Amino acid sequence: MRNLPPLHLHIPAPHARPGEAPDFSYLTFPAPGATRRPAPLTPEAEMRDLPYGLIRVLAEDGQAVGPWHPHLPPALLQKGLRAMMLTRAFDDRMFAAHHQGKTSFYMKSTGEEATAAAPSLALQPGDMCFPTYRMVSFLIARDYPLANLVNQTFANAGDPMRGRQLPLLYSARDYGFYSLAGNVGSRFGHAVGWAMASAFKGDDKIAMAFVGDGTTAEGNFHEAMVFAAVYHAPVILCVTNNQWAISSYQGMAGGEETTFAARGIGYGLPGLRVDGNDFLAVYAATQWAAERARANYGATLIEFVTYRVAGHSSNDDPSRYRPSGEARAWPLGDPIERLKTHLISLGEWSEARHEELAKTLHEEVRAAAKAGEALGTLGQNPPPRREMFEHVFKTPDWRNLEQRRECGVDQ
Amino acid sequence: MTQMSMIQAIHSALDAMLARDPNVLIFGEDVGYFGGVFRATDGLQAKYGPTRCFDTPLSEGGIVATAIGMGAYGLRPVVEIQFADYILPAYDQLVSEAARLRYRSGGEFWAPITVRAPYGGGIYGGQTHSASPEALFTHVAGLKTIIPATPYDAKGLLIAAIEDDDPVIFLEPKRIYNGPFDGRHDVPAKPWTDEPGSDVPEGYYRVSLGSAAICRAGEAVTVLAYGTMVHVALRAVEETGIDAEVIDLRSLVPLDIETITVSVNKTGRCVIVHEATRYCGFGAELSALVQERCFYRLEAPIVRVTGWDTPYPHAFEWDYFPGPQRVAKGLRQALEA
C-alpha cells in the first residue's frame, strides 16, 4: 500500500473574474527581437524551441528590432494601418447598427485586426484564406467594397450572399476569402484539401486557414493537422489565440498545459508563436511559412497571441465573466497604436495625419452605411425571395420548384 | 459489352474517369497500393500513379474535409468510406459543409465530390458492417444519394455522380457486389454472369441521376425498392406469381417522382421495401409522397417491408433482413386490403 492523497479532479479556471484585478502575470513573453529566426527551409526537428518563444518585432518605443524584422516599405505599412483603422471604424458602425435594430447580430474584431490584415497583404493573389468570422480586416486590406460588407450585414437586395447568411459570414472568392459558416473548425481541413489540390496540379498557390484557441479542441483541427503533415500540404494553419472562446478562457482548450503553437510538434509541423498585435511580426511569420510552403516543405502551424477586446458577439456581455479592465491590462497592447508609433518613429506618419485619416475613414464608413441603409436594413428590402430556392443544387430539383410555388414566390 | 460483376463495374467506372478527366482523383483508407478491401481500386494506383489514387489516414472526417477543399479548388475527388457504418465521423462535413457550401456562398464555391461507401447487410457483418444509412443523407438539403442495383447501373451512375457538380453519396449494396442476391441465404450464391444488368460496356457511358427503372412491368401492385432489395422483391414476385410492377429507384435524391406516381396511379397499391430501419426511414418519405400524390387512386394502405428498428444483430441476420417471404407477405397484405 502506498500512502497517496486521494485523486482530485482539476477544472481549469481563469486567473481573474469580474470584480478582481486583471492578471496576466502567468503569461511570459520573451522581449521583442529575442526569438531566433531559422531559415525557412530548416528541418522541423531543429526548430522545436520556436513554439515556446514569441516572435516580436515592434519594441515598446516603436522601433522594429530583431531577426524577424521584415523591412517592409512604408507604403505597405501605411496600407496595413489604414486597413486596421477602417476595420475598427466599420466594426463600430455595424455594432451600433445592430443596437439600432438594423441587423440581427454582429461580432467585432477589435484588438485582433493585425492577425488578418497582415496575412491579407503578405499572401499572393490566387492564394486562399479560410478565415474565422473575426477577420473582416482581411477583406478590407484588399479593398473589398464596403458596400458589399454593409449590404451583407443588412441582408438587403445588394447582399452577395442573397440573404442566406448571418452578418460576417462572408464569401469572396475573387479576393481569396473562402465561404464562412457559423460552425467552427470545419473549414480547417478544406484548406488542407485546397492546398493539396494546388500541389496535385503543380500550381504555386497556397492556403492559409484560421481557427480560434477554443476551436483547437475540435476533431476537425487534429484531422486537418494530420492530413497537412502526412501530405506535406502547402498550407499555413493558424490559431488566433484571443484568450476567450465566448466565456471560456484559453486554458479550457488546454492553453495552460502547453502553447497552441506547440501542438505542431506532435505532428512534425513547425510551430511559430507570434505576437498577434504586432503587424510586422504577423507579416514576417506569414511570409516565412509561405516561403516554406511554396518550396514544397509543407505546412506550418502559427499561433497568433492576441486579445479579444470586444464581447464574443452582440449577444454577449463579457462583464459577466471577465474583469472589466482586462483589455487595458493586456500586455501586448493595441495593434493600431503599435503600428502607428512605429510609422511615426520612421518619420512616415504623424499624429496629425493619423487624426486626418481617422476622420476620412469615419466618413467613408458613414457614407457606406448610409448607402446600405438606403438600400434596406434587415427585412426592409431583401433579395428576391424566390432566390432562397436557388443554389441548393446547381440546378433546382423538382422539390425546390414545387416548394417555390407553394411558398408563393414563383414569379 | 463485357460481363462484369458490380464491383468490377465500379472499378471500370473509376478507371474510365481517371483516364478521361485529369481532375479526378481517388483516395480513402486502403484504396491505394492495396486496391481497397473490396478491390474497387485494384491496380489503379499502379496504372495512374500515386497522386491519382492514394491511401489516407484513418479519418473519415479528414477524408471528406480534404475532398471538399479539393472540390472547391476545381478537382473532382472520389473518396471511399470503407463501410457506410463508418461514415458518421464525416457526417458533419457532409451536412454542415458539402451540402451547404454552394448555397451559403451565393454560388461562389461548391463541392463536386463523390463519396462511395459499401452499405447494407447480408454478409454477417454484425452491427458495424451492415448499416443502411441512406435516410441520414436523403434528409439533408443539398446532398444527392444514389444506390445502384446492377453492374450496368453501378458504372453508369457512378460516372454520372463523379461528373455531377453537387456532392453525391454513392451507396454500394455490398451483398450484391459479386452476385444478385435475392434474399435466399440457404441456397448457393450465384454470380452476376448472364444475369440482367451484367452486360457492361468497357468504356464511358452515363446513367443519369434522377431516373428510376421499371425492372418488371405489372398491374396489380407497385413495389418501390433499391439496392439489394430490388432482387429480393423480384424473387418475392416470382414466388407469389403476383403481377407486380417493380421499380428500382436507383436515385433517392433526386427522386424520379414521375415514374412512381404514374405506376401507383395505375396499380392503386404500393409496397415499399428497404433494408434500413423503418421509423423515419426513406420509406416514410416515399409513403408520404405516394399518399400526397396518389391518395384518390389508392385502394389499400401503403405497406412498408423493412429492417426492424434495432441495430443489425449478428446472429439473427436472417430474422432482421427483409427476405422474399416478408416481401411476399407485404404484397399479399397490399392486395388483400
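**Thoughts on the overall build of chain B**
- In terms of regular secondary structure, chain B is built from twelve helices and 14 strands.
- For 337 residues, the compact-globule formula gives about 20 Å, and the C-alpha radius of gyration of chain B, at 19 Å, lands near that figure.
- Once the C-alpha set of chain B is aligned to its principal axes, its extents read approximately 60 × 50 × 40 Å.
- Expressed as a percentage of the 337 residues in chain B, the buried residues total 62%.

**Quick notes on unusual backbone geometry**
- Cis rather than trans, the peptide bond between Val253 of chain B and Pro254 of chain B has omega equal to -5°.
- Along the chain, Pro254 of chain B falls in the loop between strand S12 (251–253) and helix H9 (257–267).
- Of note, the phi angle at Asn296 of chain A is positive, near 70°, even though the residue is not glycine.
- With 10 C-beta atoms packed within 10 Å, Asn296 of chain A lands in the exposed category.
- A positive phi is found at Tyr124 of chain B, a non-glycine position, where the angle reads about 55°.
- Of note, Tyr124 of chain B is situated in the loop between strand S5 (114–119) and helix H6 (134–138).

**What to know about the sheet that holds strand S10 (residues 221–225) of chain B**
All names here are of chain B.
- Strand order across the open sheet formed by five strands is S9-S11-S10-S13-S14, with mixed pairing between neighbours. Looking at which strands have only one partner, the edges of the open sheet turn out to be strand S9 (213–216) and strand S14 (303–307). Adjacent strand axes in the sheet meet at a mean angle of 25° when their direction is disregarded.
- Bridge count between strand S13 (residues 270–277) and S14: four bridges; the pairing is parallel. When the sheet's bridge partners are listed, Val273 is paired in S14 with Val305.

**Details of the domain arrangement of chain A**
- The domain boundaries assigned to chain A delineate domain 1 (44–309 + 329–380) and domain 2 (386–411).
- Distance between the C-alpha centres of domain 1 of chain A and domain 2 of chain A: 36 Å.

**What about the sheet that holds strand S1 (residues 128–130) of chain A?**
Residue and element names in this part refer to chain A.
- Pairing in this open sheet of five strands is parallel, and the strands run S1-S2-S3-S7-S6 from one edge to the other. Looking at the sheet topology across the chains shown, the edges are occupied by S1 and strand S6 (271–275). Averaged over all pairs of adjacent strands, the angle between their axes in this sheet comes to 20°, without regard to strand direction.
- Note that S6 and strand S7 (residues 300–305) share five bridges and pair parallel. Considered in S7, the bridge of Leu272 is made with Ile302.

**Side note on the packing of helix H4 (residues 146–154) of chain A against helix H10 (residues 351–375) of chain A**
Residues and elements named next belong to chain A.
- Running from amino to carboxyl end, H4 crosses H10 at an angle of 45°, the nearest separation of the two axes being 9 Å. When the axes of H4 and H10 are compared, the pair comes out oblique. Note on packing geometry: the crossing formed by H4 with H10 is right-handed. Each of Leu146, Ala147, Val150, Asn151 and Phe154 in H4 lies in contact with H10, whose residues at this interface are Glu364, Val365, Ala368, Ala369, Ala371, Gly372 and Leu375.
- In terms of residue class, the contact of H4 with H10 is made up of nine nonpolar, two polar and one charged.

**Thoughts on the interface of chain B and chain A**
- Each side of the interface is counted separately: chain B has 34 residues, and chain A has 35 residues.
- Where the side of chain B that touches chain A is concerned, the elements lending two or more residues are helix H3 (60–73), helix H4 (91–98) and helix H5 (101–104) of chain B.
- For the side of chain B that touches chain A, the element with the highest residue contribution is H3 of chain B, accounting for ten residues.
- Taken together, the residues that form the side of chain B that touches chain A break down as 15 nonpolar, twelve polar and seven charged.

**Thoughts on the packing of H3 of chain B against H4 of chain B**
All names here are of chain B.
- Contact geometry of H3 with H4 gives a least axis separation of 8 Å together with a crossing angle of 30°. If you check the angle between H3 and H4, you find them roughly parallel. Where H3 approaches H4, its residues Gly61, Val64, Ala65 and Ile68 are matched on the opposing element by Asp92, Gln93, Leu94, Glu97 and Ala98.
- By residue class, the composition of the contact of H3 with H4 is five nonpolar, two polar and two charged.

**Regarding the pairing of S10 of chain B**
All names here are of chain B.
- Most of S10 sits out of view: five of its five residues are buried.
- Where burial is concerned, the two faces of S10 agree: the one with Val221, Val223 and Ala225 and the one with Thr222 and Leu224 are both buried.
- Relative to strand S11 (residues 244–248), S10 runs parallel, the two sharing five bridges. Residue Val221 lies in a different strand from S11, and its bridge partner there is Ala244.
- Regarding topology, helix H8 (residues 228–240) serves as the crossover connection from S10 to the parallel S11, and that connection is right-handed.

**Here's the deal with the domain arrangement of chain B**
All names here are of chain B.
- Looking at chain B, the domain boundaries give domain 1 (2–200) and domain 2 (213–336).
- Once you take the C-alpha centre of each, domain 1 and domain 2 turn out to be 25 Å apart.
- Listed per partner, the contact involves 30 residues of domain 1 and 31 residues of domain 2.
- Only H6, strand S6 (144–146) and helix H7 (151–163) provide two or more residues apiece to the side of domain 1 that touches domain 2.
- The class makeup of the residues in the side of domain 1 that touches domain 2 is 13 nonpolar, eleven polar and six charged.

**What about the pairing of strand S3 (residues 235–241) of chain A?**
Residues and elements named next belong to chain A.
- Within S3, seven of the seven residues are buried, which leaves it mostly tucked inside the rest of the structure.
- Here S3 shows a buried face lined by Val235, Leu237, Val239 and Asn241 and a second buried face lined by Ile236, Cys238 and Thr240.
- This β-α-β element, strand S2 (residues 207–212) to helix H6 (residues 219–230) to S3, shows right-handed connectivity.

**Re the environment of His69 of chain A**
Residues and elements named next belong to chain A.
- With respect to the secondary-structure elements, His69 resides in the segment before helix H1 (74–99).
- Overall, the presence of 17 C-beta atoms within 10 Å leaves His69 in the partly exposed class.
- Between the C-alpha atom of His69 and that of Leu149, which follows or precedes it by 80 residues, the distance is 33 Å.
- Apart from the residues within four sequence positions on either side, His69 is in contact with Val57, Ala64 and Leu280.

**Let's talk about H6 of chain A**
- Its twelve residues place the ends of H6 of chain A 17 Å apart at the C-alpha level, agreeing with the 16 Å of an ideal helix rising 1.5 Å per residue.
- Counted residue by residue, H6 of chain A has ten buried out of twelve residues, so it is predominantly covered.
- Buried residues of H6 of chain A: Asn220, Phe221, His222, Glu223, Ala224, Met225, Val226, Phe227, Ala228 and Ala229 of chain A, and no others.
- Looking at the buried side of H6 of chain A, the elements it contacts are helix H5 (188–201), S2 and S3 of chain A together with H3 of chain B.

**Quick look at the nonpolar core**
- Grouped together as the largest cluster of nonpolar side chains are 221 residues, with contacts concentrated most on Ala228, Val235, Ile236 and Leu237 of chain A together with Ala233 of chain B.
- The element contributing the most residues to this core is helix H7 (residues 279–294) of chain A, with eleven residues.
- Once residues within four sequence positions are removed from consideration, Ala228 of chain A is found in contact with Val192, Ala233, Val235, Leu237, Leu269 and Ala299 of chain A.

Thresholds, definitions, all that
Residues numbered from 1 in each chain as written. Chains lettered and ligands numbered in written order. Predicted model: local features only at pLDDT ≥ 70, side-chain atom pairs only at ≥ 80, totals over all residues. Helix = DSSP H or I, 4+ residues; strand = E, 2+ residues; numbered from the N terminus. Rg over C-alpha atoms; globule rule 2.2 N^0.38 Å. Buried ≥ 20, exposed ≤ 12 C-beta atoms within 10 Å, placed from the backbone. Pairing = 2+ DSSP bridges. Axes fitted to C-alpha atoms, helices over the stretch in contact; angles between N-to-C directions. Domains from an automatic or database assignment. Parallel < 35°, antiparallel > 145°, perpendicular 65-115°, else oblique. Left-handed = near helix turned anticlockwise from the far one by under 90°. Contact = placed C-beta atoms within 7 Å. Nonpolar A, V, L, I, M, F, W, Y, C, P; charged D, E, K, R; others polar. Right-handed = clockwise from strand over helix to strand, strands pointing away. Expected span 1.5 Å × (residues − 1). Core = buried A, V, L, I, M, F, W, Y, C linked by C-beta atoms within 7 Å.

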